Amino acid sequence: MSGPMVRLTLPDGSVREMPRGATGRDLAAAIGPGLARAAIAARVDGAIWDLGRPIETDATVALLTERDPEALEVLRHSSAHILATAVRELFPGAGIGFGPAIEDGFYYDFQVDRTFTPEDLERIERAMAEVARRDFPFVREVVDRAEANRRFADDSLKLERIAELGDDETISVYTDGPFVDLCRGPHVPSTGRLKHFKLLNAAGAYWRGDEKRQMLQRIYGTAWFRQEDLDAYLHRLEEARRRDHRVLGRQLDLFSIQEIVGPGLVFWHPKGAIIKWLLTRAVEDDNVASGYDLVYTPNITREELFRISGHLPLYEANQYPPMAAGHEESEDVRYRAKPMNCPMHCLIYRSQQRSYRDLPLRLSEVANVYRNERSGVLHGLLRVRGLCMDDAHIFCTMDQIEAEIFLCLDQVDRLVRQTFGFELDFEVSTRPPERLGDDATWEQAEQTLQTALTRKGITFRIDEGGGAFYGPKIDIKFRDAIGRLWQGPTIQLDFQLPERFELEYTGADNHPHRPVMIHRAIYGTLERFIGNLIEHFAGAFPVWLAPEQVRVVPISADQNAYAHGVASRLKAAGLRVHVDDRNETLNYRIREAETQKVPYMAVVGQREAEADSLALRARGAGKKQEVMPVTALIDRVLAEVRARAL
Ligand SMILES: [Zn+2]
Ligand SMILES: [Zn+2]
């Protein structure tokens with residue numbers, strides 16, 4: 001310890017001398033009254049601190065206001081405390097679990113002997129508003145272990161966490177009015193900072209995410225600095241609910257997941273299957289045109305294969321347990337369902353002598369793989385156990401990597417950006433601390449990925465250290481209609497599997513060399529991609545993907561024969577058509593076609609039948625009708641299908 005003053009370096013590089021022990025609040029006040037009012041927390045040598053925490057040493061300090069994203073996180077975590085304050089008031093015996101800020105909000109886990117109802121949430125929300133109105137300061141105290149145990153003597157969840165803290169760890173507790181919590185902080189200065197918030201829902205959650213521990217009740221909420229931000233967020237949530245692929249999947253009869261078969265295993269019903277088939281065809285056609293070979297490989301394999309690849313034991317938790325040997329095989333042989341195709345494609349590569357003239361060798365396969373995901377993370381089509389991947393592996397020389405990356409990027413551009421209008425977001429993940437292979441190879445590979453993107457005029461972010469242990473990769477995300485980013489294509493370099501499978505090619509120098517392997521998927525999994533598409537389009541698929549492209553609706557039974565004749569001609573032209581000649585009112589049948597989101601409705605009455613025409617209603621155009629010859633409709637829809645028009 002030295003002198004009575006500390007030197008605080010501000011973001012603009014200027015230095016302020018303050019008395020040792022001065023707080024962020026003191027600093028803000030010294031700079032100006034406006035900042036003193038606006039400051040929410042302080043960044044001290046890179047860590048976020050409470051505004052009221054004394055600064056004891058020279059430091060770099062920035063004061064955070066509503067404009068800083070970190071401040072929003074502090075507000076949200078503080079909101080979790082305010083939520084717990086309110087819950088404790090209404091449910092005094094509630095045990096207190098974890099209460100972190102999360103993307104767009106916060107949650108807190110409570111041990112209570114009931115399930116929270118929507119009415120409970122309303123009461124809790126009112127109690128939170130009262131805690132905010134009373135504007136309790138958040139007061140930080142550092143205590144020793146004995147004191148911490150005393151404070152939380154009646155809360156077994158907190159005691160368990162205290163017991164896990166290391167001896168050298170600072171134990172801090174925070175009090176806001178009647179509530180005290182074990183927490184590292186930081187928090188907003190007082191509860192009055194919480195103004196624009198909403199509790200969203202409650203759900204069961206295992207203590208520490210462990211299904212062997214007790215079930216707690218988790219309450220989710222959201223908090224913002226401005227009312228318009230809260231309103232916009234709630235609107236986005238509402239849109240997301242309206243677009244929920246699980247609800248639309250049932251409504252449009254696209255798919256189901258059935259308890260009798262198991263969680264995370266998808267049944268594609270006829271209307272969903274056609275979408276999957278069209279997407280599969282689109283990517284397979286593109287693969288063939290791009291110089292890939294199509295292959296098919298077994299779904300189960302002796303588990304020895306995954307020992308060679310290294311997936312066992314590393315990846316074992318995500319694999320289904322082994323099954324016994326087949327007939328007439330040795331007793332100790334075990335089989336596994338495949339969780340990925342890469343080792344299989346290595347075996348095809350290895351099945352014959354390869355020369356540099358054979359490279360690049362591009363093997364593609366739209367294949368089902370099985371991953372033993374925990375049931376808690378499964379979510380409709382977005383997270384499943386049976387996945388259909390549009391997988392491919394390119395075996396090439398180091399010199400060929402860039403051209404192959406270009407090829408993959410072009411496919412992504414055609415199949416994802418152009419076809420669906422998605423805006424793409426690129427990230428290059430570089431070498432992690434734990435890795436295989438020498439630095440020179442990594443350096444070259446990372447450079448190649450970045451140069452390829454740059455030469456394509458693509459901007460990207462770098463995820464330093466985010467690569468897999470076997471190679472760097474390009475991750476591509478796409479943004480949907482309501483602004484959400486989804487995990488999309490990946491292009492991954494791999495130096496490791498060729499090594500493990502001892503893959504070789506004979507070079508121009510007549511010596512054996514090791515090829516590089518590129519793993520790439522464009523859609524990723526068909527399940528997740530279709531789940532994303534359902535939500536992106538809110539079930540209103542573009543014509544080329546729509547399970548039913550045209551619905552013919554006769555005005556009365558007198559036109560049934562004509563309607564079927566029109567349908568036959570459309571079918572003969574290759575369109576997907578259905579006639580709704582049910583004995584229901586015209587209005588009812590039109591409404592039905594609208595809720596089924598059929599792109600085109602061809603209404604036919606006496607006049608249309610006589611003129612060999614139809615009255616066309618396009619999806620979303622309301623009651624507007626356009627009378628046209630049958631052939632004109634065929635030309636129009638076919639042109640849209642060919643163009644994959646949006
Ligand atoms: Zn806290
Ligand atoms: Zn792979």
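Keep in mind it's a predicted model, so treat the numbers as computed, not measured.

### Side note on the nonpolar core
Step number 1: Grouped together as the largest cluster of nonpolar side chains are 62 residues, with contacts concentrated most on Leu279, Ile405, Phe420, Ile474, Leu533, Phe541 and Leu545.
Step number 2: Looking at which element gives the most residues to this core, the answer is helix H13 (residues 401–420), with nine residues.
Step number 3: Ile474 has contacts with Ile405, Phe426, Glu427, Val428, Leu449, Leu453, Pro489, Thr490 and Ile491, leaving out every residue within four places of it along the chain.
Step number 4: Residues Ala80, Phe197, Ile219 and Ala223 belong to the second largest nonpolar core, which totals 40 residues.

### A look at the coordination of the zinc ion (ligand 2)
Step number 1: Protein-derived ligands of the zinc ion (ligand 2) are Cys342 (SG), His393 (NE2) and His519 (ND1), with the metal-ligand distances lying across 2.0 to 2.4 Å.
Step number 2: Of note, the zinc ion (ligand 2) draws all its donor residues from one chain, in the sequence arrangement C-x50-H-x125-H. Pair noted here: Cys342 is in helix H12 (residues 342–350) and His519 is in strand E30 (residues 516–525), with a separation of 177 residues, a long-range link. Comparing Cys342 with His519, the two get one shared label, buried.

### Digging into helix H16 (residues 526–537)
Step number 1: For H16, with twelve residues, the first-to-last C-alpha span of 16 Å sits near the 16 Å given by 1.5 Å per residue.
Step number 2: Counting buried residues in H16 gives eleven out of twelve residues, a clear majority hidden from the surface.
Step number 3: If you check which residues of H16 are buried, you get Leu526, Glu527, Phe529, Ile530, Gly531, Asn532, Leu533, Ile534, Glu535, His536 and Phe537.
Step number 4: One or two steps after H16, the chain reaches Ala538, where phi turns positive at roughly 50°.

### Quick notes on the packing of aromatic side chains
Step number 1: As enumerated under the stated definition, the model contains 18 aromatic pairs in all.
Step number 2: Here Tyr107 and Tyr220 contribute two aromatic rings whose centre-to-centre distance is 5.6 Å and whose plane-to-plane angle is 65°, an arrangement assigned as edge-to-face. With a gap of 113 residues between them, Tyr107 in strand E10 (residues 105–111) and Tyr220 in strand E15 (residues 215–224) connect regions that are remote in the sequence.
Step number 3: Residue Tyr107 is classed as buried on the basis of its relative accessible area, which comes to 15%.
Step number 4: In this structure Tyr220 comes out as partly exposed when scored by relative accessible area, which is 24%.
Step number 5: Ring centres of Trp224 and Tyr233 lie 5.4 Å apart, and the angle between their planes is 40°; on these two criteria the pair is classed as tilted. Here the two residues Trp224 and Tyr233 agree in accessibility, since each one is buried.
Step number 6: Directly above the aromatic system of Trp207 lies the positively charged group of Arg208, at a separation of 5.1 Å from the ring centroid.
Step number 7: Lying over the aromatic face of Phe406, Lys456 brings its terminal NZ or CZ to 5.0 Å of the ring centre.

### Some words on empty space enclosed by the protein
Step number 1: Using the criterion set out here, one finds three cavities of 30 Å³ or more in the structure.
Step number 2: Its boundaries defined by the atoms lining it, the largest cavity holds a volume of some 100 Å³.
Step number 3: Forming the boundary of the largest cavity are Leu252, Lys271, Gly539, Phe541, Ala546, Pro547, Glu548, Gln596, Lys597, Val598 and Pro599.
Step number 4: Taken together, the residues that form the lining of the largest cavity break down as six nonpolar, two polar and three charged.

### Comments concerning the layout of surface pockets
Gaps left between atoms show up when a probe the size of a water molecule is rolled over them.
Step number 1: The computed volume of the largest pocket comes to approximately 1600 Å³.
Step number 2: As for the largest pocket, its lining consists of 39 residues, and the residues nearest its centre are Asp104, Tyr233, Leu237, His379 and Arg484.
Step number 3: Among the elements of the structure, E10, strand E14 (196–206), E15, helix H7 (227–242) and strand E27 (485–494) are those that each provide at least two residues to the lining of the largest pocket.
Step number 4: Its residues placed into classes, the lining of the largest pocket shows 18 nonpolar, eight polar and 13 charged.
Step number 5: As a volume, the second largest pocket reaches approximately 1200 Å³.
Step number 6: Considering the residues around the second largest pocket, the lining is formed by 39 residues, among which Tyr315, Met340, Arg371, Tyr470 and Gln492 are closest to the centre.
Step number 7: Those elements giving two or more residues to the lining of the second largest pocket turn out to be helix H11 (311–314), strand E23 (386–396), strand E26 (473–479), E27, helix H15 (496–500) and E30.

### Concerning the sheet that holds strand E32 (residues 577–579)
Step number 1: Here we have five strands laid out as an open sheet, ordered E32-E31-E33-E34-E35, and mixed in their pairing. Only two strands of the sheet have a single partner each, and these edge strands are E32 and strand E35 (626–629). The mean angle between the axes of side-by-side strands here comes to 30°, regardless of whether they run parallel or antiparallel.
Step number 2: As judged from the three bridges shared by strand E31 (residues 550–554) and E32, these two strands associate in the parallel manner. Within E32, the residue paired with Val552 across the bridge is Val579.

### With respect to the state of the cysteines
Step number 1: Going through the model one piece at a time under the given rule, you end up with zero disulfides.
Step number 2: Unpaired in this structure, Cys408 has its nearest cysteine sulfur neighbour in Cys396, at a distance of 9.2 Å.

### Let's talk about the sheet that holds E26
Step number 1: One open sheet holds the eight strands; their spatial order is E18-E22-E23-E30-E27-E26-E24-E25, and the pairing between them is mixed. Looking at the sheet topology across the chains shown, the edges are occupied by strand E18 (293–294) and strand E25 (460–463).
Step number 2: Of the pairings in the sheet, the one linking strand E24 (residues 423–429) to E26 comprises seven bridges and is antiparallel in character. The residue bridging Leu424 from the neighbouring strand is Phe478, located in E26.
Step number 3: Taken strand by strand, H16 contacts strand E22 (361–370), E23, E26, E27 and E30, and its axis lies near 40° from that of E30.

### Considerations on the coordination of the zinc ion (ligand 1)
Step number 1: Within the protein, the zinc ion (ligand 1) binds to His77 (NE2), His81 (NE2), Cys183 (SG) and His187 (NE2); these donor distances fall in the range 1.9 to 2.1 Å.
Step number 2: Of note is the zinc ion (ligand 1), whose four donor atoms meet at the metal with angles of 88 to 125° in an arrangement that counts as tetrahedral.
Step number 3: For the zinc ion (ligand 1), all donor residues lie on one chain, and their spacing in sequence is H-x3-H-x101-C-x3-H.
Step number 4: When its relative accessible area of 14% is taken as the criterion, Cys183 is described as buried.
Step number 5: Judged by relative accessible area, His187 falls into the buried class, the value being 1%.

Cut-offs and rules
Residues numbered from 1 in each chain as written. Chains lettered and ligands numbered in written order. Predicted model: local features only at pLDDT ≥ 70, side-chain atom pairs only at ≥ 80, totals over all residues. Heavy atoms only, no water. Core = buried A, V, L, I, M, F, W, Y, C linked by side-chain atoms within 4.5 Å. Buried < 20%, exposed > 50% of the residue type's maximum accessible area, 1.4 Å probe, protein only. Helix = DSSP H or I, 4+ residues; strand = E, 2+ residues; numbered from the N terminus. Contact = heavy atoms within 4.5 Å. Donors = N, O, S within 2.8 Å, 3.2 Å for Na, K, Ca; no water. Expected span 1.5 Å × (residues − 1). Phe/Tyr/Trp six-rings, centres within 6.5 Å; stacked < 30°, edge-to-face > 60°. Lys NZ or Arg CZ within 6 Å of the ring centre and 35° of its normal. 1 Å grid on protein atoms, 1.4 Å probe; cavity = no way out; pocket = protein on both sides within 12 Å on 5 of 7 lines; lining within 4 Å. Points joined across faces, edges and corners; volume = space filled by probe spheres on them. Nonpolar A, V, L, I, M, F, W, Y, C, P; charged D, E, K, R; others polar. Pairing = 2+ DSSP bridges. Axes fitted to C-alpha atoms, helices over the stretch in contact; angles between N-to-C directions. Disulfide = S-S within 2.5 Å. Tetrahedral: all angles 85-135°; square planar, octahedral: opposite > 155°, others 65-115°.

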